[in-house]
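# Architecture at a glance
Below, each chain spelled out in residue letters.
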Amino acid sequence: MSDNNALLKVQNLKKHFPIAGGFFGRIVGAVRAVDGISFDIARGETLGMVGESGCGKSTAGRAILQLHKPTSGRVFFEGKDLTLSSSEEIRQLRPKMQMIFQDPYATLNPRHSVAKIVGEPLVIHGMMKMGSRELKDRVAELLDLVGMDPVYMRRFPHEFSGGQRQRIGIARAFSLNPDFIVCDEPISALDVSIQAQVVNLMQDLQEQLGVAYLFIAHDMSMVKHISHRIVVMYLGKVMELTERNTLFDNPLHPYTQSLNSAVPIPLPRLERQRKRFILKGDPPSPANPPSGCVFHTRCPLTEERCITAEPEFREIHPGHFVACHLADERGSSKLL
Amino acid sequence: MSKILEVKNLVTKFYTLDGVVNAVNGVSFDLEEGETLAIVGESGSGKSVTMMSLLGLIPMPPGKIESGEVIFYGHQDLLQLTPAELRDVRGGQIGFVFQDPISTLNPILTIGEQISETLTRHKGMSKEQAREHTLKLLAQVGIPDPELRYKAYPFQFSGGMRQRVVIAIAIACNPQIIIADEPTTALDVTVQAQIVELFKQLRETLDVSVIWITHDLGVVAGIADRALVMYGGRPAEIAPVDDLYERPQHPYTLGLLGALPRLDDKEAKRLVSIKGTPPDLLIPLQHCPFAWRCEYAYDRCWQEIPPLITVGEAHQVSCFYDLKQGGPRDV
């Protein structure tokens, strides 16, 4: 799926946040939240992005949409380089790239009615007039699309449960018929039974409307469920990128293998017998990342070269990219 | 095996300005010696309030334990103890681990002092003895360089390490029961696996019973012997884990399991979603709390609260519909 007509192309994207310190608040360092990531997303595809807290996955999503100005690197959307575009040019492209946020409580204005929340993007982009019949019809249509009764459009966010609020957030993201949506942990704040409702809805909408998702989450099982391909991040870098089943059947990076092994499978008989590899320690701070391969401090296979040289992010099999010195056809990077 | 804890018909309510919140509406369960029991439920299912009621940690007012008995170790009813007596039990015979280790630990005391305090308070150890024992505990929960770490403050520890400290406090006085309330929810998945592994080891070496409260059916699969699924402040189903996962008898359990994607699934099947939202606890319970969301509900489900019905060995379910036979249950 990775060819030249990709919808979105990310090349060596970096986002560093300065650390101010000392008496005059001088810049004394940088948090390397996203430190050189590359991938692309095809039309209608779901690319999953997983990693533990602090790996830079949310920052990556925001940097792609230019909500954070990237430190360096390039982001092409339909062939146009967003990092070189003016804010007006980006504004013109906004209807095509939208975002769904994690916290359905913080992202809806409590003083706006559902009709205003869902309809506002259409008004801002000058497609419809506030208060028009046309806008009301479109909002009703959108609410219907996300499985909510259009009569709710006069209500306010506090009258809804978490799952319903997330539906409102999804309706808003879809109001401008986007081609691409960054979904930043859209289901983490929801209960299990509600998560399934929202995930099913997102899949249905993709099927109907052909939108592409960057689905950011820390829940491996859910990412695997919804994605076509998956990017594994650790400390601001991409460790592995491949097709969903390959990532679980033949993971090459030791970090991916240990992540897979740490995720419980909800079947006791299987879970008790599973051979698992448990990683030691915690992820290091992105303000002071380790030398060479950023994973070397926790990796059981670390060699001399892992400490001194940063591994190249290379294609081992067609479409299967890994950033590990040891990864090869013979399985030298396998843990178990 | 003998029972170490017996909870009978616990009812806890909160009297708030919005009305009476019916948080726990009659929960009964036993805990066997050496057993790990998981209490599983979504937010508002009453799982945490149940635990806090047993330990006398419900703020009163607005909370009130309306009825129930909690028999610990065959003699004491915990609900009848005075606050001072309860304090001896808490942290002594019953240890606990909460979800968020940063708010559990005191930020201005060293972690060594916090663990030693439990020992001097409950075991009457001298400061020196407590220090010796604390160093052993730190090693036991997998904290490297105990001598050095004794003098560290909580902010110097990562989330996983802090949770290890909280576990060290919980096991300090050789408790008979450890109650863990979502102990891994705030942690990353690789750290979660470390903590689960630590619990498994400790359970072997200390011969302790564990109540593990969680919303995550995945974690439960690896650690629990039995699981109690709660819904709307009531037990929905209780069974040994193999039975529960492979032969769920309550439509809610069935739905929950279907809503979970599995890492070992080859094909992405469509997830089963349970329609609707969890019940409003302000409405007093007059029928099955799951009836609104249940696709099998029939008239009886709207008239009575289903009692726990035994359907197999150690397997009980509170449902009037027989999933196996595909029709109303004959009780």
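Description of the structure in this document. Residue numbers restart at each chain and count upward from 1, following the sequence in its written direction. Each chain takes a letter, starting from A, and each ligand takes a number, starting from 1, following the order in which they are written. Side-chain atom pairs in this predicted model are given and counted only at pLDDT of 80 or more, local residue features only at pLDDT of at least 70, and totals for whole chains, interfaces and linings cover all residues.

### Things to note about the overall build of chain A
Short version of the rule: A helix here means a DSSP run of H or I that spans at least four residues, while a strand means a run of E at least two residues long, and both kinds are numbered starting from the N terminus. Using C-beta atoms placed from the backbone, we call a residue buried if 20 or more other C-beta atoms fall within 10 Å of its own, exposed if 12 or fewer do, and partly exposed for counts in between. Throughout, a pair of residues is in contact if the C-beta atoms placed from their backbones lie within 7 Å.
Secondary structure assignment for chain A yields 11 helices and 12 strands. C-alpha extents for chain A along the principal axes are approximately 70 × 60 × 45 Å. Considering chain A as a whole, with its 336 residues, one finds that 47% of them fall into the buried category. Across chain A, every contact between residues at least 6 apart in sequence was considered, and the portion connecting residues at least 24 apart equals 64%.

### Examining the overall build of chain B
What counts is decided by this rule: Between the two quantities, the radius of gyration covers C-alpha atoms and the globule rule is 2.2 Å times the number of residues to the power 0.38.
Scanning chain B from terminus to terminus reveals 11 helices and 14 strands. Against the globule reference of 20 Å for 331 residues, chain B gives a C-alpha radius of gyration of 21 Å, in line with a compact fold. With respect to the three principal axes, the spread of C-alpha positions in chain B is 65 × 50 × 40 Å. When the 331 residues of chain B are sorted by exposure, 47% land in the buried category.

### Topic: helix H5 (residues 127-140) of chain B
Residues and elements named next belong to chain B. Inclusion rule: Expected helix span is given by 1.5 Å per residue-to-residue step, counting one fewer step than there are residues. Relevant arc is that of directions from the helix axis to the C-beta atoms, nothing else.
Taking 1.5 Å per residue, 14 residues should reach 20 Å; H5 reaches 20 Å between its end C-alpha atoms and fits that length. Every buried residue of H5 is accounted for by Ala130, Thr134, Leu137 and Leu138. What you see down the axis of H5 is that its buried residues fit within an arc of 95°, all on one side. In H5, the exposed positions angled more than 90 degrees off the buried face are occupied by Glu128 and Lys136. On the buried face of H5, the contacting elements are helix H4 (111-123), helix H6 (146-149) and helix H7 (159-171). Count one or two residues on from H5 and you reach Gly142, which has phi positive near 80°.

### Some remarks on the sheet that holds strand S5 (residues 80-81) of chain A
Residues and elements named next belong to chain A. Condition: Two strands qualify as a pair provided that DSSP identifies no fewer than 2 bridges between them. As a rule, the C-alpha atoms of each element are fitted with a line to give its axis, helices using only the stretch in contact, and angles between N-to-C directions run from 0 to 180 degrees.
Judged by pairing direction, the sheet is antiparallel, and its 4 strands sit side by side in the order S2-S1-S4-S5 without closing on themselves. Two strands bound the open sheet, and with one partner strand each, they are strand S2 (26-41) and S5. Sheet topology note: the strand S1 (residues 8-21)/S2 ladder contains 12 bridges and is antiparallel. Paired with Val10 across the strands is Phe39, a residue of S2. Helix H1 (residues 57-64) rests against S1, S2 and strand S4 (72-77) of the sheet, and its axis sits at about 75° to S2.

### Some remarks on helix H1 (residues 47-54) of chain B
All names here are of chain B. Counting buried positions over the 8 residues of H1 gives 8, a clear majority of the element. Lys47, Ser48, Val49, Thr50, Met51, Met52, Ser53 and Leu54 are the residues of H1 that are buried. Note on H1: the residue one or two positions beyond its end, Gly56, has a positive phi of about 65°.

### Description of the nonpolar core
What counts is decided by this rule: Any set of buried Ala, Val, Leu, Ile, Met, Phe, Trp, Tyr and Cys residues joined through C-beta atoms within 7 Å is what this text calls a nonpolar core.
Of all hydrophobic cores here, the largest spans 191 residues; its most connected members are Ala168(B), Ile178(B), Ile211(B), Val220(B) and Ala227(B). The dominant element in this core, judged by the number of residues it contributes, is H7(B), at 8 residues.

### Digging into the pairing of strand S8 (residues 212-217) of chain A
Residues and elements named next belong to chain A. Spelled out, the test is: Seen with its strands pointing away from the viewer, a crossover is right-handed if its path from the first strand over the helix to the second goes clockwise.
In terms of burial, S8 is a largely internal element, 6 of the 6 residues being buried. Side chains Ala212, Leu214 and Ile216 of S8 all project onto a buried face; the interleaved residues Tyr213, Phe215 and Ala217 project onto the opposite face, where all are buried too. In this structure, strand S3 (residues 46-50) lies alongside S8, joined through 5 bridges in parallel fashion. The partner of Leu47 across the bridge, within S8, is Leu214. Chirality of the crossover, the property in question, places the unit of strand S7 (residues 180-184), helix H6 (residues 192-209) and S8 among those that are right-handed.

### Regarding the sheet that holds S8(A)
Residues and elements named next belong to chain A. One open sheet holds the 8 strands; their spatial order is S6-S7-S8-S3-S9-S10-S12-S11, and the pairing between them is mixed. Each of the sheet's edge strands pairs with one partner strand only, and the pair in question is strand S6 (97-100) and strand S11 (314-317). Taken over all neighbouring pairs, the strand axes of this sheet differ in orientation by 20° on average, direction set aside. Note: S6 against S7, 4 bridges, orientation parallel. In the strand pairing of S7, Ile100 is matched with Cys183. The strands touched by helix H5 (residues 162-174) within the sheet are S6 and S7, with S6 carrying the most contacts at an inclination of about 175°. Along the sheet, helix H9 (residues 254-262) contacts strand S9 (229-234) and strand S10 (237-243); its crossing angle with S9, the most-contacted strand, is approximately 105°.

### So, the environment of Val196(B)
Residues and elements named next belong to chain B. Locating Val196 in the fold gives a position in helix H8 (residues 189-206). The spatial distance from the C-alpha of Val196 to the C-alpha of Pro146 is 21 Å, given a sequence separation of 50 residues. The contacts of Val196, once residues within four sequence positions are left out, are Thr184, Val219, Gly222 and Ile223.

### A look at unusual backbone geometry
Residue Pro61(B) is bonded to the preceding Met60(B) through a cis peptide linkage, with omega at -15°. Mapped onto the fold, Pro61(B) is located in the loop between H1 and strand S4 (63-72). In this structure, Pro62(B) follows Pro61(B) across a cis peptide bond, with omega equal to 10°. Position of Pro62(B) among the secondary structure elements: in the loop between H1 and S4. Of note in this structure, Leu235(A) is not a glycine but carries a positive phi near 50°. For Leu235(A), the position within the fold is in the loop between S9 and S10. By C-beta crowding, Leu235(A) is classed as buried, having 25 other C-beta atoms within 10 Å. Of note in this structure, Ala314(B) is not a glycine but carries a positive phi near 60°.

### A word on the interface of chain B and chain A
The following threshold applies: Gly is placed with the polar residues, together with every amino acid not listed as nonpolar (Ala, Val, Leu, Ile, Met, Phe, Trp, Tyr, Cys and Pro) or charged (Asp, Glu, Lys and Arg).
Taken together, the 39 residues of chain B in the interface contact 36 residues of chain A. Only H8, helix H9 (217-223), helix H10 (241-246) and helix H11 (251-258) of chain B provide two or more residues apiece to the side of chain B that touches chain A. Top contributing element to the side of chain B that touches chain A by residue count: H8(B), with 7 residues. Looking at the side of chain B that touches chain A residue by residue, the classes come out as 19 nonpolar, 12 polar and 8 charged.

### Structural notes on the packing of H4(B) against H5(B)
Residues and elements named next belong to chain B. To be explicit about the condition: An angle below 35 degrees is read as roughly parallel, one above 145 as roughly antiparallel, one from 65 to 115 as roughly perpendicular, and any other as oblique. Handedness of each helix crossing follows the sense of rotation of the near helix against the far helix: counterclockwise by less than a right angle gives left-handed, clockwise gives right-handed.
Relative to each other, H4 and H5 sit at 120°, their axes nearing to 9 Å. What the angle tells us is that H4 and H5 run oblique. Relative to H5, H4 is oriented so that their crossing is right-handed. On H5, the residues touching Gly112, Ile115, Ser116, Leu119 and Thr120 of H4 are Lys127, Ala130, Arg131, His133, Thr134 and Leu137. Of the residues in the contact of H4 with H5, the class split is 4 nonpolar, 5 polar and 2 charged.

### Remarks on the packing of H7(B) against H8(B)
Residue and element names in this part refer to chain B. Running from N to C, H7 and H8 cross one another at 20°; their axes reach a closest spacing of 10 Å. Between H7 and H8, the angle is such that the two are roughly parallel. Where H7 crosses over H8, the handedness of that crossing is right-handed. For the pair H7 and H8, the contacting residues are Gly159, Gly160, Gln163, Arg164, Ile167 and Ile171 in the first and Val191, Gln194, Ile195, Leu198, Leu202 and Leu206 in the second. Looking at the contact of H7 with H8, its residues break down into 7 nonpolar, 4 polar and 1 charged.

Honestly, that's just the spatial picture; any functional story needs more than this.
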